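The residues making up each chain are set out below.
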Amino acid sequence: AYERRFPTCPLIPMFVASDTVNEYKSEDGAIHVIERRCKLDIDAPRLLKKIAGVDYVYFVQKNSLNRRERTLHIEAYNETFSNRVIINEHCCYTVHPDNEDWTCFEQSASLDIKSFFGFESTVEKIAMKQYTSNIKKGKEIIEYYLKQLEEEGITFVPRWTPPVACKSESSASHTRRPVSPAINIPDSATKEGLNNKEILNTSSSPSEPTAGTPDDKLDADYIKRYLGDLTPMQESCLIRLRQWLQETHKGKIPKDEHILRFLRARDFNIDKAREILCQSLTWRKQHQVDYILDTWNPPQVLQDYYAGGWHHHDKDGRPLYVLRLGQMDTKGLVRALGEEALLRYVLSINEEGLRRCEENTKVFGRPISSWTCLVDLEGLNMRHLWRPGVKALLRIIEVVEANYPETLGRLLILRAPRVFPVLWTLVSPFIDDNTRKKFLIYAGNDYQGPGGLLDYIDKEIIPDFLGGECMCEVPEGGLVPKSLYRTAEELENEDIKLWTETIYQSASVFKGAPHEVLIQIVDASSVITWDFDVCKGDIVFNIFHSKRAPQPPKKDSLGAHSITSPGGNNVQLIDKVWQLGRDYSMVESPLICKEGESVQGSHVTRWPGFYILQWKFHSMPACATTNLPRVDDVLASLQVSSHKCKVMYYTEVIGSEDFRGSMTSLESSHSGFSQLSAATTSSSQSHSSSMISRWRFC
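Notes on the structure follow. (Residues numbered from 1 in each chain as written. Predicted model: local features only at pLDDT ≥ 70, side-chain atom pairs only at ≥ 80, totals over all residues. Heavy atoms only, no water.)

**Here we look at the overall build of the chain**
Keep this limit in mind: Helix numbers and strand numbers start at the N terminus; a helix is a DSSP run of H or I with at least 4 residues, a strand a run of E with at least 2. Note on contacts: a residue pair qualifies if any of its non-hydrogen atoms lie within 4.5 Å across the two residues. Here the Shrake-Rupley method, with its probe set to 1.4 Å, supplies the accessible areas, and only the displayed protein chains count as covering residues.
Within the chain, the secondary structure is distributed over 18 helices and 25 strands. Considering only residue pairs separated by 6 or more positions, the chain has 73% of its internal contacts joining residues 24 or more positions apart. Surface summary for the chain: the accessible area is close to 35,900 Å², and the carbon and sulfur share equals 52%.

**Some thoughts on the nonpolar core**
Heads up, the rule is: In this description, a nonpolar core means a group of buried Ala, Val, Leu, Ile, Met, Phe, Trp, Tyr and Cys residues linked to one another through side-chain atoms lying within 4.5 Å. Three labels apply to residues, based on accessible area from a 1.4 Å probe with only protein chains included: buried if under 20% of the type maximum, exposed if over 50%, partly exposed otherwise in between.
In terms of nonpolar packing, the biggest core is built from 52 residues, with Leu 302, Tyr 306, Leu 333 and Leu 377 touching the most fellow members. Elements with a contribution of two residues or more to this core: α11 (300–305), β8 (319–323), α12 (330–337), α13 (339–364), β9 (371–376), α14 (387–403), β10 (408–416) and α15 (420–427). By size, the runner-up hydrophobic cluster in this structure holds 23 residues, among which are Ala 507, Ile 521, Ile 543 and Val 599.

**Details of the pairing of β9**
The condition is simple: Here, a strand pair is defined by DSSP locating no fewer than two bridges between the strands. We call a crossover right-handed when, viewed with both strands directed away from the observer, the connection leading from the first strand over the helix to the second proceeds clockwise.
Burial within β9 is extensive, with six of its six residues counted as buried. Alternating residues of β9 divide into Trp 371, Cys 373 and Val 375 and Thr 372, Leu 374 and Asp 376, and every residue in both groups is buried. Pairing analysis gives four bridges linking β8 to β9, with the strands arranged parallel. Residue pairing for β9: Leu 323 is matched across the bridge by Val 375. Across six bridges, the pairing between β9 and β10 is parallel. Bridge pairing links Val 375 to Ile 413 in β10. Regarding topology, α14 serves as the crossover connection from β9 to the parallel β10, and that connection is right-handed.

**Quick notes on the sheet that holds β10**
How we decide: Fitting a line to C-alpha atoms yields each axis, with helices limited to the stretch in contact; the angle taken between N-to-C directions then spans 0 to 180 degrees.
Taken in spatial order, the five strands line up as β7-β8-β9-β10-β11 in an open sheet, and their pairing is mixed. Two strands close off the open sheet at either side, each with one partner strand: β7 (308–313) and β11 (439–443). Taking each pair of neighbouring strands and ignoring which way they run, the sheet shows an average axis angle of 20 degrees. Contacts from α13 reach β7, β8 and β9, with the element oriented near 5 degrees to β7.

**Quick notes on the sheet that holds strand β1 (residues 15–25)**
The six strands are arranged β1-β2-β3-β4-β5-β6 in an open sheet whose pairing can be described as antiparallel. Of all strands in the sheet, those with a lone pairing partner are β1 and β6 (103–113), marking the two edges. Taken over all neighbouring pairs, the strand axes of this sheet differ in orientation by 15 degrees on average, direction set aside. Sheet topology note: the strand β3 (residues 57–66)/strand β4 (residues 71–78) ladder contains eight bridges and is antiparallel. In the strand pairing of β4, Leu 65 is matched with Leu 72.

**Some details on α14**
Counted only if it meets this: By this rule, a helix spans an expected 1.5 Å times one less than how many residues it contains.
When the terminal C-alpha atoms of α14 are compared, their 25 Å separation across 17 residues agrees well with the 24 Å that a helix rising 1.5 Å per residue should span. Three or more residues of α14 are buried, namely Gly 389, Val 390, Ala 392, Leu 394, Ile 396, Ile 397, Val 399, Val 400 and Asn 403. If you follow the buried residues of α14, they end up packed against α8 (256–265), α9 (270–286), α12, α13 and α15.

**Observations regarding the side chain of Asp 256**
For clarity, the threshold we go by: Here a polar contact is taken to be a pair of N or O atoms separated by no more than 3.5 Å, where protein atoms must pair a possible hydrogen donor with a possible acceptor and residues adjacent in sequence count only if both atoms sit in side chains.
By the element assignment, Asp 256 lies in helix α8. Taking the relative accessible area as the measure of exposure, Asp 256 reaches 0% and is therefore buried. A polar contact of 2.8 Å, which involves the side chain of Asp 256, links it to the side chain of Arg 242.

**Let's talk about the environment of Cys 593**
Examined against the element boundaries, Cys 593 turns out to sit in strand β19 (residues 591–593). By relative accessible area, Cys 593 is classed as buried at 0%. Along the sequence, Cys 593 and Asp 533 sit 60 residues apart, while their C-alpha atoms lie 9.2 Å from each other.

**Section: the packing of aromatic side chains**
What counts, and what does not: By convention, a stacked pair of Phe, Tyr or Trp rings (six-membered ring in the case of Trp) has centres within 6.5 Å and planes under 30 degrees apart, an edge-to-face pair has planes over 60 apart, and any other such pair is tilted. A ring has a charge above it when a Lys NZ or an Arg CZ is no more than 6 Å from the ring centre and no more than 35 degrees off the ring normal.
Inspection of the entire model under this criterion finds 20 aromatic pairs. A centroid spacing of 5.1 Å and a plane angle of 80 degrees characterise the contact between Tyr 144 and Tyr 145, whose relative ring orientation is edge-to-face. Tyr 144 sits in the partly exposed class, given a relative accessible area of 40%. Between the aromatic rings of Tyr 306 and Tyr 345, the centroid separation amounts to 4.9 Å while the plane-to-plane angle is 80 degrees, which identifies the pairing as edge-to-face. Linking Tyr 306 in the loop between α11 and β7 with Tyr 345 in helix α13, this pair joins segments that are 39 residues apart in sequence. As far as the burial class goes, Tyr 306 and Tyr 345 line up, both buried. Through pairs of rings, three or more aromatic residues link up here, namely Tyr 2, Phe 6, Phe 15, Tyr 93 and Phe 105. Seen from the ring of Phe 465, Arg 324 lies directly overhead, with NZ or CZ sitting 3.9 Å from the centre.

**Here's the deal with the pattern of salt bridges**
Spelled out, the test is: For salt bridges, the criterion is a side-chain nitrogen of Lys or Arg within 4 Å of an Asp or Glu carboxyl oxygen.
Across all of its chains, the model carries 26 salt bridges by this definition. When the shortest N-O distance is used, the salt bridge between Glu 340 and Arg 395 registers 2.7 Å. Taken together, the residues Glu 340 in helix α13 and Arg 395 in helix α14 connect sequence positions 55 residues apart. What makes Arg 395 partly exposed here is its relative accessible area of 28%.

**As for unusual backbone geometry**
A cis geometry characterises the amide bond from Phe 6 onward to Pro 7, with omega recorded as 5 degrees. Look at Asp 267: it is not a glycine, yet its phi comes out positive at around 50 degrees. By the element assignment, Asp 267 lies in the loop between α8 and α9. In this model, Glu 406 sits at a positive phi of 55 degrees, which is unusual for a non-glycine residue. Looking at the secondary structure, you find Glu 406 in the loop between α14 and β10.

**A few points about the packing of α8 against α9**
Selection rule: Oblique is the label for every angle not falling under 35 degrees (roughly parallel), over 145 degrees (roughly antiparallel), or within 65 to 115 degrees (roughly perpendicular). Each crossing gets its hand from how the near helix is turned against the far one by less than a right angle, where anticlockwise is left-handed and clockwise is right-handed. In this count, Pro and Cys sit with the nonpolar residues alongside Ala, Val, Leu, Ile, Met, Phe, Trp and Tyr, while Asp, Glu, Lys and Arg are called charged and the others, Gly among them, polar.
At a closest axis distance of 8 Å, the pairing of α8 and α9 adopts a crossing angle of 125 degrees. It follows that α8 is oblique to α9 by the angle criterion. For the element pair α8 and α9, the recorded crossing hand is right-handed. Taking contact as the criterion, the partners of Ile 259, Phe 262 and Leu 263 in α8 are, on α9, Ile 270, Ala 273, Ile 276, Leu 277 and Ser 280. Broken down by class, the residue content of the contact of α8 with α9 amounts to seven nonpolar, one polar and no charged.

In structure tokens form, the structure reads like this:
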């Protein structure tokens, strides 16, 4: 009867649709687990939907039917806004212990609102209203479908019995793989008769299975199926790093396979792996790399003249990427597109590689976390050593090495000409030692002999241009027409456009040179919202108001700091002659933000005029009891000797005409985003009160 409400239920108007994500059935038919992605139309104010930028929200629901134990466990969690709001719901249908003709139903839910643009109380009320409504209607819906079954003549379902071929001992010890890498319910939970709460606690967050404590172990079948051979130490490192991310990182948590790549790249040194992983997560967020395959279409020039593409898989099941570098006009591509477009295209190739690895893991039934690259150098000559082209190649290698570690399983370099050692000398210093060990280089036709291509790729899929019989659809490359070349100014503008398509902006903050953003407010009671990450250093966040506009913004030349900042800007608006309290006023108390924290919040404006958001360098306070500096202060000053901080921010203003009711509070929530932050801190201040409250939560 319960299954009748899918894929959609007319008795639940907000339940728009659902799609099956994963499904698992045990061989003996006792276990049936199905995971769905549900689309909901939440009854929320138009303003809230506009701020959130969505019309629908998505939940993931997992139903686990155990016919042997006669139980149905239902778990649901929100996928939308999971970095700001965490909703978990657990339901359980069981047989009454004293009367097996009776069905018992238990339901529980939890709501944890970390931050929501200052509308936390509104979101809480909406969630409670929806949940209360669902509880009242739950019995009505199940009775409706029970009656429907009766009308169809279905009044009895036979009790499950083990198949004759199954031995009881094998049935008891049967180990099964999880429905997906995301969630796993071990058989030990059902064998040992754990209650509903204990079983649900063994499942995880939306991204993947998680252990309750660092001492917990991953399911053996899950490791074998999705991760490969791990020693107990390596398994422990994976669990500890994943737990740290879940406790401190508010963004999308990468899957176990991806975390494992960073651990392997640093020989399972957790501190080093954590550092590069956090840097990569910040980079992915800033440039919206998670959405590159869905939102970016490569220019036609790339599609026509970039001589590379995916081509089946190697003998180990790894996706195979073929690159005919010798046939590619690198100079023409750089002149026609610019460095950034080439880089973005390579990133899309790597993202597609990650996707293909996941698909091949399912197809071959074993973990595949890397791909094989076949590079044909026939035609390589001195024009490929054009300096800007080599510079672009080195930058691409640097970015890929930093953000896609351990994704290259094997690199086959074929038909290497005499000029190749020159290119190798230029490139090899930028390639990690572990990666270089995966290179196999063949000169001339050596790849056709023993130890050659046939050792790694099936004969049936060797490309035709290498003497095989398989038609390869990789573009043949060729010279890019000079009519497609663009001027240096055009390419520079295009490069800027590519990397500013992200909604986030980068800014550098120096000692004595804060970064400031001007927001003009015409109507009072508008809402200024912000979301920023402190990527480097500690900063103080301020909000000021002025009745008159500041002078046109001036960019700091940074000459006094002897530092250049290609990755960010520095704009100062408040004139040196302005006096606080006369020319401008502070509308909120300063907020100190530590390196690695993410901060989201909103401010309801009281007056029209000009508001200035300021990120200011935070200096270490002097010791109150002695004139001697503390050891910690000395070490910290050495670490930030450049007096440079970096922030990545996004701001938005919601007009007063969109409001329903009044909102008069500032809400800023922090989340640790680097190894320097082990907990999450939030601060809130109300216009109507001078009290500041602080709390910690995990």
